[in-house]
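# Working through the structure, step by step
Now for the letters of each chain:
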Amino acid sequence: MSRLPITKTPKCFLGGAFIRSESGRVYEHKDSAGAFVCNIPLCTRKDLRNAVEAAAKAGPGWAKRSAYNRGQILYRIAEMLESRADELAAAISLTNPNAAASREVRAAIDRTVHYAGWTDKYESLLGSVNPVSTPHFNFTVMEPMGLIGILAPEESPLLGLLSMILPAITSGNTVIALASHGEPYPSILLGEILAVSDLPGGVVNLLTGTRADILPTMATHAHLRAVYAAANKSERTEIQQGAAEHVKRTVFLPSEKPIDWFADDAQGLYHIRHFLEAKTTWHPVGV
Amino acid sequence: MARSNPISLRSLISEIGPVDQVGIEERVAKYITRSIKKASKVQALKLAVSMVDLTTLEGKDTPGKVASLCLKALHPHDDPSIPSTAAVCVYPRLVKHAKKLLRGSSVKIASVATAFPSGQAPLATRLSEVRAAVSDGADEIDMVISRGAFLAGELALVQDEIAAVRDACGKTTLKAILETSELETYDNIRAASFLAMRVLRPGDFIKTSTGKTSSNATLGNNQVMLEAIRDFYLETGTEIAMKPAGGIRTAKQAIQFLIAVKETLGDAWLNNAHYRFGASALLNDLVRQLVKEKTGAYQAPYTFSEASGSY
Amino acid sequence: MPAKRPNNPARELLFGDLWEYDPAPETAPAHIAPRYDLFINGQFTAPKSKKWFDSISPGNEQKVSEIALANEVDVNAAFAAASAAFPKWSKASGAERGKYLYRIARLLQDRAREFAVAETIDGGKPIRESRDFDVPVAAAHFFYHAGWADKLAYAAPGRTLAPLGVVGQIIPWNFPLLMLAWKIAPALACGNTIVLKPAETTSVTAMKFCSILQDAGLPPGVLNIVTGAGDTGTNIVHHPAAAKIAFTGSTTIGKFIQRTLAGTDKRITLELGGKAANIVFEDAPIDQAVEGIVNGIFFNQGHVCCAGSRLLVQESVADEVLRKLKMRLRHLRVGDPLDKNTDIGAINSRKQLEKIQELVKSGVSEGAEIHQPACKLPKRGFYFAPTLFSNVSLSHRIAREEIFGPVLSILTFRTPEEAIEKAHNTPYGLSAGVWTDKGSRILKMSTELKAGVVWANTYNKFDPASPFGGYKESGFGREGGKQGLLDYAQIV
């Protein structure tokens, strides 16, 4: 009899730790042939609440890291992704044999490197020193908003998810992301990779489960400053209605049309800008 | 002179608080937007006349020039409702000439002693100049502080010298000229104001300038000094008077300075025991504007001043 | 640490009437028409509603003019005109669009005094402010944005900007002409066309401004102004042709707009309320801080979303600051807005006056200590004396709710951390003030404070080059500067 391999219990990466859903619920994850692979945590609003707490705790420290340091940590994520590239590709192929799995993994790694290089540059492009007509020195800096809720797309379970997380954390935001429901396993691996990437616990919190459980709470949670969602019209409506309660920022990727996650404009400065607040400071110039 | 313990500028500013340049200049810019019309303007013009220290401080001054200055101070205009000025201000050598004309009048004789305007003479020389001016009949002594010592950090020396001059004055009123343009910063002006006020007597003055440097009284340094006087009054109850000098040439400027007094120190300082203008040309314009208010017609300058030529 | 300055409370200064300023009314004509129609497609157009409402001068409660009430048909006509004008306007070269904006800036400067007087009559703000602030800064906004029109590619590195389409803009009553300029200038520079609604109580200068558009030769339909009340605004918000809604006003209405537009994919920028902390440290230049506090809360009768309405003073200087504030209040001049010596004019409307009165009453009943200078208020018109509250705690309504009036709540703190905590204790995040002589502390406080604008050793400063807008429930988007421009364009 051959050796029975040890299977991994998928857990969500939350506050730097690996957790099961507080609800104790799971859903079955099956491969493309319909065979059982594992049980995935079915996170609920309580897990979201906990993730928000963890992200809030991590936020100030992450935002205060030097830009150089954040850049090195993002680069470290790329290194860790590269070291597990085959495993990630296999995870993508598991549920979607037609996916360009290796290409998606390579793109995800390159995207991470791309953002690693932005941490100490976006500020000088988006901020400004403003020539006001009074004797004041006036400058605008770009600050992270705070806590960002993310609803990742169903497709491109690694590249889509990372493409949404990276622009937010580049500037010092912390995120709570709900992974693809149908293809959750890459997010489980991503959590394990992030855990060994020098990324402080709580900066990225990854949930699995259904949008029905998470979306309403994500829309209305007062502590989240923005929601970034790949969403259809009815989801967008619900998110915006909830967001209005606390004047939350919303950024949508309409999911009616397929999103080209490989495109050049799926990354870059203007994605980072979505999750920044401009702060302008005035000071007199005198002796 | 007994030497006091050293005073550090740093601890003095920490005690009295700093001044923000842009902030204080914004404050005084609001005075300029005040619109003073009709009766309130006439009242202000007359008040300003009564506050003028009519000044001549030139090497070419003669007893004759001082005599005409005194007559003008006594009777700025034929209109009897226009008051005399507060004082004339002359060099010590000319005090006795002014005294002949002003004895018994309300017009005081102020004299710039202490090696005016630089103050760069030995203290003994400066004190003997003060005593001479007092014995010749000066009612008020305008001294210059030692700006060099102030900037070198010898604050106690500056203060001790003011105290020594005060003692030499006897009952004569003392005006301490800070020479604000040489102190340069508002922080220094505020610090020097306190340094002086702490050894001055009620009714003594702090004064902005000699009129002999490129920059003299401004609404900004006037405001810093008024606020220092206010804070010192609230702290000690001692009423120190104020004299901006130099650069105030027009009635409009004088009214702006009076607005600053009204809105910083209030009614108690709106008199010539508490506030003066050190000026030579200002009186002409004040009188000219008073005549304009009375007649309704704009006046030509040469009617009011020998110095402005006939053009 | 500075030594605590002695402070003898018994000693006072007399701010009496020994020398009183005579009334100095501004007499320049305002040229206000008895009735204003809507401005649609370059023409003054009678409203299809056939209704006009009165605009009242808050300074004396007299009728200023009659303002057209736009109904849904009128709003549709305005959007139709804006949509028709969009293709040509958006395709015009930036340089040509810029020239129109330059013209508008110049024409507004030409008629600055007339507009200032009209603004003061219609809105109640002191002529000193409308003359020295509102109108010149409005003109400056047009001049500034005129220069952007042909340089849009430089505003977004690596990309360029394209217009959004027709934008609907709804502006408040506190800075009627200035807010119009803030909204219009960047939108036109980026090639959008506009339907704008002024506030119900302050439409006069917006309608006067339409004559400047005609004089400038702005193509018909590029800017349409419809007047009215809440329903007119709702019609704009709902209009399918609006690519974007830009709103400045209350947080309540802002939330309503965001909720209403859910699912439409229309862009939104919101500039909403505030409850700014103005933080004074013990080493601050106290007199300038007092002046800044006064400017922070009594500027425009406190009808300022970024007003420094919560004063946080370090305990060691709290007595001195309060004493100097009280002294400063005694020579603030409250009264006729048209008097050039008036510092505090009229409250914009009876409704706003009643709101202020109600909140002040709550402050007294919740136990805060009220300080008001003795001042004679005019018999007619809506006036409220400048008011300080000391002994305020964070739970008091006057420390939490936006009063939008000349009412300052004073709280104290001991350490920088406590100041930051108290400053953050609000859902708002529009602005903040910091007063200290220590440079590194300014930058630290500025970094920590969650506010879109931080005034350090100054307060209530505005400039077209300086972006303005809030964090948290004070809204999103910026107005002014490079950053504001991006909110009126697609980055392509």
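Further up the page is the structure itself.
Residues numbered from 1 in each chain as written. Chains lettered and ligands numbered in written order. Predicted model: local features only at pLDDT ≥ 70, side-chain atom pairs only at ≥ 80, totals over all residues. Heavy atoms only, no water.

## Structural notes on the overall build of chain B
Note the following rule: Here a strand is any run of E in DSSP of at least two residues, a helix any run of H or I of at least four, and the numbering for each starts at the N terminus. Throughout, radius of gyration means the C-alpha value; the globule benchmark is 2.2 Å times the number of residues raised to the power 0.38. Accessible area is worked out with a 1.4 Å probe on protein chains only. A residue is then buried under 20% of its type maximum, exposed over 50%, and partly exposed in between. Every residue pair with non-hydrogen atoms within 4.5 Å of one another is taken to be in contact. Only the protein chains shown count as cover for residues, and the accessible areas themselves come from Shrake-Rupley with a 1.4 Å probe.
Within chain B, the secondary structure is distributed over 13 helices and eight strands. Relative to the compact-globule value of 19 Å for 311 residues, chain B shows a C-alpha radius of gyration of 19 Å, a close match. Projecting the C-alpha coordinates of chain B onto the three principal axes gives extents of approximately 60 × 45 × 35 Å. For chain B, with 311 residues in total, the buried portion stands at 60%. Sequence separation of 24 or more characterises 76% of the internal contacts of chain B that already satisfy a separation of 6 or more. A total accessible area of about 11700 Å² is found for chain B, and carbon and sulfur atoms account for 53% of it.

## Overview of empty space enclosed by the protein
Condition: Whether a set of points on the 1 Å grid over the protein atoms alone is a cavity depends on a 1.4 Å probe fitting there but being unable to get out, while an open set qualifies as a pocket with protein on both sides within 12 Å along at least five of seven lines; lining residues are those with an atom within 4 Å of a point. Grid points are joined across faces, edges and corners, and a volume is the space filled by probe spheres set on the points. The residue classification treats Ala, Val, Leu, Ile, Met, Phe, Trp, Tyr, Cys and Pro as nonpolar and Asp, Glu, Lys and Arg as charged. All others, Gly included, are polar.
This structure, assessed with the given rule, holds ten cavities of 30 Å³ or more. Here the largest cavity defines a volume of roughly 160 Å³. The wall of the largest cavity is formed by 18 residues, among which Glu227 and Arg230 of chain B together with Asp287, Glu291 and Arg328 of chain C lie closest to the centre. For the lining of the largest cavity, the elements supplying multiple residues, two or more each, are helix 2 (21-32), helix 11 (219-236) and helix 12 (251-264) of chain B together with helix 9 (286-298) and helix 10 (315-330) of chain C. By residue class, the composition of the lining of the largest cavity is five nonpolar, five polar and eight charged.

## A closer look at the side chain of aspartate 287 of chain C
The line we're drawing: Counting of polar contacts relies on pairs of N or O atoms within 3.5 Å, with two restrictions inside protein: one atom must be capable of donating a hydrogen and the other of accepting it, and residues adjacent in sequence are counted only when both atoms are side-chain atoms.
Summarising the element assignment, aspartate 287 of chain C is placed in helix 9. Take aspartate 287 of chain C: its relative accessible area is 12%, and that puts it in the buried class. Within the structure, the side chain of aspartate 287 of chain C is placed 3.3 Å from the side chain of lysine 324 of chain C, a separation counted as a polar contact. Ignoring any residue separated from it by four or fewer positions in sequence, one finds aspartate 287 of chain C in contact with Arg190, Glu227, Arg230 and Asp231 of chain B together with Lys324 of chain C.

## Remarks on the environment of glutamate 417 of chain C
All names here are of chain C. Take glutamate 417: it is sitting in helix 13 (residues 416-424). Residue classification places glutamate 417 among the exposed residues on the basis of a relative accessible area of 56%. Here the alpha-carbon distance between glutamate 417 and methionine 445, two residues 28 residues apart in the chain, equals 9.4 Å.

## Concerning the packing of aromatic side chains
The condition that has to hold: Aromatic pairs are defined between Phe, Tyr and Trp rings, using the six-membered ring for Trp, whenever the two ring centres lie within 6.5 Å; interplanar angles under 30 degrees are classed as stacked, those over 60 as edge-to-face, and all others as tilted.
Enumeration over the complete set of coordinates arrives at 25 aromatic pairs over all chains. Arranged with centres 5.6 Å apart and planes meeting at 75°, the rings of tyrosine 233 of chain B and tryptophan 269 of chain B form a pair that is edge-to-face. Taken together, the residues tyrosine 233 of chain B in helix 11 and tryptophan 269 of chain B in the loop between helix 12 and strand 8 (277-279) connect sequence positions 36 residues apart. Each member of the pair, tyrosine 233 of chain B as well as tryptophan 269 of chain B, is classed as buried. Ring geometry for tryptophan 455 of chain C and phenylalanine 462 of chain C: centres 5.7 Å apart, planes at 75°, overall edge-to-face. According to the relative accessible area criterion, phenylalanine 462 of chain C is buried, its value standing at 14%. Through pairs of rings, three or more aromatic residues link up here, namely Phe133, Phe175, Trp182, Phe299, Trp455, Tyr459, Phe462 and Phe468 of chain C.

## Quick look at the sheet that holds strand 5 (residues 128-129) of chain A
Defined as follows: Note on pairing: two strands pair once DSSP finds at least 2 bridges between them. Only the stretch in contact is used when fitting a helix axis, every axis being a line fitted to C-alpha atoms; angles between N-to-C directions are given from 0 to 180 degrees.
Pairing within the open sheet is mixed, and its ten strands lie in the order 5(A)-6(A)-12(A)-18(C)-17(C)-12(C)-13(C)-16(C)-15(C)-14(C). What marks the edges here is a single partner per strand, and that holds for strand 5 of chain A together with strand 14 (369-371) of chain C. Sheet strands touched by helix 11 (residues 350-365) of chain C: strand 14, strand 15 (387-390) and strand 16 (407-413) of chain C. Its angle to strand 15 of chain C, the strand with the most contacts, is close to 25°. Each of strand 6 (136-144) and strand 12 (276-284) of chain A together with strand 12 (277-280), strand 17 (431-435) and strand 18 (453-456) of chain C touches helix 14 (residues 439-448) of chain C; the most contacted strand, strand 12 of chain A, lies at about 155° to it.

## Overview of the interface of chain C and chain B
In many analyses, interface size is given as the accessible surface area lost on bringing the parts together. The test is simple: Accessible area, probed at 1.4 Å, shrinks when two parts are joined; the buried area is that loss added up over both. A pairing counts as a salt bridge when a side-chain nitrogen of Lys or Arg comes within 4 Å of a carboxyl oxygen of Asp or Glu.
Of the residues lining the interface, 44 residues belong to chain C; the matching set on chain B comes to 42 residues. At the boundary of chain C with chain B, total buried surface from both sides reaches about 3600 Å², with 51% on carbon and sulfur atoms. Counting every contact that joins chain C to chain B gives six salt bridges. Linking arginine 27 of chain B and glutamate 291 of chain C is a salt bridge whose minimum nitrogen-to-oxygen distance equals 3.3 Å. At the junction of chain C with chain B, the criterion picks out 22 residue pairs in polar contact (both at pLDDT 80 or more).

## What about the interface of chain A and chain C?
Taken together, the contact pairs 38 residues of chain A with 47 residues of chain C. Here chain A and chain C share an interface that buries about 3500 Å² over both sides, 52% of which is from carbon and sulfur atoms. Of all residues in chain A, Val247, Tyr270 and Trp282 of chain A bury the most surface against chain C, accounting for 21% of the area lost on that side. At the surface where chain A touches chain C, the tally comes to four salt bridges. The salt bridge partner of arginine 478 of chain C is glutamate 277 of chain A, with a shortest N-O separation of 2.9 Å.

## Some points on the sheet that holds strand 1 (residues 35-36) of chain C
Residues and elements named next belong to chain C. The strand order 1-5-4 describes an open sheet built from three strands, whose pairing is mixed. In this open sheet, the two edge strands, each paired with only one partner strand, are strand 1 and strand 4 (52-56). Pairing of strand 4 with strand 5 (residues 63-68) involves five bridges; the strand directions are antiparallel. Following the sheet pairing, isoleucine 56 is matched in strand 5 by lysine 63.

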